[in-house]
Amino acid sequence: MEGGAYGAGKAGGAFDPYTLVRQPHTILRVVSWLFSIVVFGSIVNEGYLNSASEEEEFCIYNRNPNACSYGVTVGVLAFLTCLLYLALDVYFPQISSVKDRKKAVLSDIGVSAFWAFLWFVGFCFLANQWQVSKPKDNPMNEGTDAARAAIAFSFFSIFTWAGQAVLAFQRYQIGADSALFSQDYMDPSQDSSMPYAPYVEPNTGPDPAGMGGTYQQPANAFDTEPQGYQSQGY
């Protein structure tokens, strides 16, 4: 259950891209990454308008610069966060410590839930400012499709990030139920406390026990002196 609970592959295993891309949380990360590009790209490219009577550009969302700034900031940071956790998904199978895996899954839960909340705030903020925008500020309806796209994909991002949080929580539960958090993973071949097996000579002749001869080093293999001290009289 170790690979299923905490990512593709076993701890210390090789990276398998085919297994990675089939993980539901990885798919949601890629979708969230694309949605964030749409949001901040739409606002940056067509979210600011020019007026003949004004020299400075203004935000398409009710002339509120905070609305455009919020959309761009959240979109860019979500874009970077997706890249960070996609890199973590790639590196995750190499993490041998269960404690580190637990921290990674817990951070995934918290960060995903936090971003779902930020996108919910962003959707409400942009939708409200778009609703109260004055038609006279944009008589040519420039950038309206981009403004609506930013609002729509902000709404979609709520569910993609919430889905990541739910999947991360399920991975945490699987790990807890399978007792993977109880101790650190250790490769048995690297365990120095493992005793060595006794040397067994090949059985080349009849052996009553049928087990072959077991080699044991004599207690005093290199002691050629007689046992004990004997005084000699002169």
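For the chain, the name recorded in an unreviewed UniProt entry is Synaptogyrin, with Saimiri boliviensis boliviensis as its organism. For the chain, the Subcellular location (unreviewed entry) comment in UniProt is given as "Membrane". UniProt, in its Sequence similarities (unreviewed entry) section for the chain, records the words "Belongs to the synaptogyrin family."

Observations concerning the state of the cysteines
Each disulfide consists of a covalent bond between the sulfur atoms of two cysteine residues. Under the definition given, this model contains one disulfide. Two residues, C59 and C68, share a disulfide whose sulfurs are 1.9 Å apart. Disulfide C59-C68: the torsion about the S-S bond is 85 degrees, which places it as right-handed. Here C59 and C68 have matching classes, each one buried.

Notes on the nonpolar core
Ranked by size, the top nonpolar core spans 22 residues in total, and within it I43, Y61, W115, W119, L126 and W161 carry the most contacts. Those residues in contact with L126 that lie beyond four places of it in its chain are I43, Y61, A67, A150, I151 and S154.

Some words on a nonpolar patch on the surface
On the surface, V76, L77, L80 and L83 cluster together into a nonpolar patch covering about 310 Å² of accessible area. Among the secondary structure elements, L77 is positioned in helix α4 (residues 65-91). By relative accessible area, which is 41% here, L77 ends up partly exposed.

About the cut-offs
- Residues numbered from 1 in each chain as written.
- Predicted model: local features only at pLDDT ≥ 70, side-chain atom pairs only at ≥ 80, totals over all residues.
- Heavy atoms only, no water.
- UniProt positions renumbered as here; feature names shortened; annotations may be inferred.
- Disulfide = S-S within 2.5 Å.
- Buried < 20%, exposed > 50% of the residue type's maximum accessible area, 1.4 Å probe, protein only.
- Core = buried A, V, L, I, M, F, W, Y, C linked by side-chain atoms within 4.5 Å.
- Contact = heavy atoms within 4.5 Å.
- Patch = residues over 30% accessible without salt bridge, like charges linked within 9 Å, V, L, I, M, F, W, Y side chains within 5 Å.
- Areas by Shrake-Rupley, 256 points an atom, 1.4 Å probe, with all protein chains shown as cover.
- Salt bridge = Lys/Arg side-chain N within 4 Å of Asp/Glu carboxyl O.
- Helix = DSSP H or I, 4+ residues; strand = E, 2+ residues; numbered from the N terminus.

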